[in-house]
Amino acid sequence: MNASDAATSGAVLITGICGRLGKQLARALHRTGPVVGVDRRPFADKPKDIIHAQVDIRRKKLKEVFRGSDIRAVVHLGVLHDPRASAADHHSWNVAGFAKLLEYVAQFRVPKLVLLSSANVYGPQPSNPQFLTEDAPLLGGQNFSDIRDLIELDMLAQSFFWKLPETETIILRPVHILGSVHNAPSNFLRKDPIVTVLGFDPMMQVVHQADVVSAIELALRPGVRGTFNVAGPEPASLSRLVKILGRQKVSVPYGVTRAVLSRMWSWRLTSFPPPELDHIRYVCMVDDRRAREQLGFAPKMGLEETVLAVDEGRW
């Protein structure tokens, strides 16, 4: 078997397979090859030909998954994004868990590693240029501690480029993912009315979860490595996104919004963390030319279809 055959045979291992994005990726990939899923949650509606290992990625049982399967690629989606989890839990699950995953990728000589990061690692800043390239500094953790772990994962993957060059490592940094997923941007746009900050109407980039799956599929091709910003249709202002959804919009001064949101957060009356307010004040848009030119990625979903997809996850 030559190197090309080795890169296209074997199974794709997906961490976090029981999330909505993980399930959609698994259903796309299992039509063309074997899929192994790792997730501590149950996978009740699992297709019969997908292997699901219900294990914690921090535990030694993960090694048995690698030993018992011919793994050609690992796609890491199993990142903890719960803003109410403690800093210790975040670090243990995200950083220690990913380090253990990297250890096994190296030990079992897996040809491909794909990390789904986020464009949020750049951070919304009043001084941001209109479009950020992959070389821009990762400042997202300055005001939002939960992004610090994601930045650390991103940096671990970058160092893995050099430590194990024989593994094709890819970091995907998608903009706000919309769809049935239960993430901060989709949850925010499901609200009615949608509260915005008075005097701010930033331009935003969104991408449909199905297009993110397509980007991951493209990243799994042999010969591709590096860091790629992934964006969807044309940028649009926050007010336009609200208009597409047909929601009511209530604009409130920042100081009032922050104070009320902080109180609601402490009383567990909202799932929207106060630091997320910067995303509806400042611009954080990316230059996605590298993904379009080197991955051959082009979003299939238009702006309206992408934005309206958030209602798929209302129930």
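The model shown is predicted, which means the values in this text are computed figures rather than measured ones.

Engineer: How should I be thinking about the side chain of Thr 196 in this particular structure?
Structural biologist: Along the chain, the position of Thr 196 falls in strand β8 (residues 194-197). You can call Thr 196 buried: its relative accessible area is 3%. One polar contact links Thr 196 to Ser 251, side chain to side chain, over a distance of 2.9 Å. What Thr 196 contacts, discounting residues up to four positions off in sequence, is Leu 238, Lys 249, Val 250, Ser 251, Val 252 and Ile 280.

Engineer: Honestly, empty space enclosed by the protein in this entry has me stumped. Any pointers?
Structural biologist: In this approach, a probe sized like a water molecule rolls over the atoms, and the result shows the empty space that is left. According to the stated counting rule, one finds three cavities of 30 Å³ or more in the structure shown. For the largest cavity, the calculated volume is near 80 Å³. Around the largest cavity sit Asn 120, Gly 123, Pro 124, Gln 125, Leu 139, Gly 140, Asn 143, Phe 144, Ile 147, Pro 275, Asp 278 and His 279, which together line it. Here the lining of the largest cavity is built from residues that sort into five nonpolar, six polar and one charged.

Engineer: So what exactly am I meant to see when it comes to the environment of Arg 225 here?
Structural biologist: Along the chain, Arg 225 falls in the loop between α7 (209-219) and β11 (226-230). The exposure class of Arg 225 is partly exposed, given its relative accessible area of 40%. Here the alpha-carbon distance between Arg 225 and Phe 161, two residues 64 residues apart in the chain, equals 8.6 Å. For Arg 225, the side chain forms a polar contact with the main-chain oxygen of Pro 165, separated by 2.8 Å.

Engineer: Would you take a moment to explain the side chain of Asp 278 for this structure?
Structural biologist: Relative to the assigned elements, Asp 278 resides in the loop between α9 (254-266) and α10 (289-295). Residue contacts for Asp 278: discarding those within four places in its chain leaves Pro 124 and Asn 143.

Engineer: Would you mind going over the pattern of salt bridges with me for this structure?
Structural biologist: Note on pairing: side chains with opposite charge can pair once their charged atoms come close. Applying the stated criterion across every chain yields a total of 15 salt bridges. A salt bridge links Arg 27 to Asp 45; the nearest nitrogen and oxygen atoms lie 3.2 Å apart. One end of the pair, Arg 27, is in helix α2 (residues 20-29); the other, Asp 45, is in the loop between β2 (35-38) and β3 (50-53), and 18 residues separate them in sequence. Take Arg 27: its relative accessible area is 30%, and that puts it in the partly exposed class. Taking the shortest distance from any N to any O, the salt bridge between Arg 289 and Asp 287 comes out at 2.6 Å. Here Asp 287 falls in the buried class, since its relative accessible area comes to 14%. Taken together, the shared-partner salt bridges in this structure form one network comprising Lys 23, Arg 27 and Asp 45.

Engineer: How should I be thinking about the sheet that holds strand β5 (residues 112-116) in this particular structure?
Structural biologist: Note on sheets: strands pair through backbone hydrogen bonds, and any given pair is parallel or antiparallel. Taken together, the seven strands give an open sheet; going across it, the order is β3-β2-β1-β4-β5-β6-β11, and neighbouring strands pair in parallel fashion. The sheet terminates laterally at β3 and β11, the two strands that pair on one side only. Put simply, the sheet's adjacent strands are angled 20° from each other on average, direction ignored. Direction of pairing for β5 relative to strand β6 (residues 168-174): parallel, over a ladder of five bridges. Paired with Leu 113 across the bridge in β6 is Thr 169. Docked against the sheet, α2 engages β1 (11-15), β2, β3, β4 (71-76) and β5, running at close to 170° with respect to β1. Taken strand by strand, helix α5 (residues 146-163) contacts β4, β5, β6 and β11, and its axis lies near 150° from that of β6.

Engineer: In this structure, what is going on with helix α8 (residues 238-245)? I would like to understand it.
Structural biologist: In an α-helix, one full turn covers 3.6 residues, which means residues spaced three or four apart are oriented alike. Looking at α8, one finds that the buried residues are Leu 238, Leu 241, Val 242, Ile 244 and Leu 245. End-on, the buried residues of α8 take up no more than an arc of 160°, which puts them together on one face. Once α8 ends, the next one or two residues include Gly 246, with phi positive near 70°.

Engineer: Would you take a moment to explain the environment of Cys 18 for this structure?
Structural biologist: Position of Cys 18 among the secondary structure elements: in the loop between β1 and α2. On the basis of relative accessible area, Cys 18 is assigned to the buried category, the value being 10%. Once the C-alpha coordinates of Cys 18 and Gln 54 are considered, the two residues, 36 residues apart in sequence, prove to be 9.7 Å apart. The contact partners of Cys 18, leaving out residues within four places of it in the chain, are Lys 23, Asp 39, Arg 41, Pro 42, Phe 43 and His 52.

What counts and what doesn't
Residues numbered from 1 in each chain as written. Predicted model: local features only at pLDDT ≥ 70, side-chain atom pairs only at ≥ 80, totals over all residues. Heavy atoms only, no water. Helix = DSSP H or I, 4+ residues; strand = E, 2+ residues; numbered from the N terminus. Buried < 20%, exposed > 50% of the residue type's maximum accessible area, 1.4 Å probe, protein only. Polar contact = N/O pair within 3.5 Å; in protein donor to acceptor, adjacent residues only side chain to side chain. Contact = heavy atoms within 4.5 Å. 1 Å grid on protein atoms, 1.4 Å probe; cavity = no way out; pocket = protein on both sides within 12 Å on 5 of 7 lines; lining within 4 Å. Points joined across faces, edges and corners; volume = space filled by probe spheres on them. Nonpolar A, V, L, I, M, F, W, Y, C, P; charged D, E, K, R; others polar. Salt bridge = Lys/Arg side-chain N within 4 Å of Asp/Glu carboxyl O. Pairing = 2+ DSSP bridges. Axes fitted to C-alpha atoms, helices over the stretch in contact; angles between N-to-C directions. Arc of directions from axis to C-beta.

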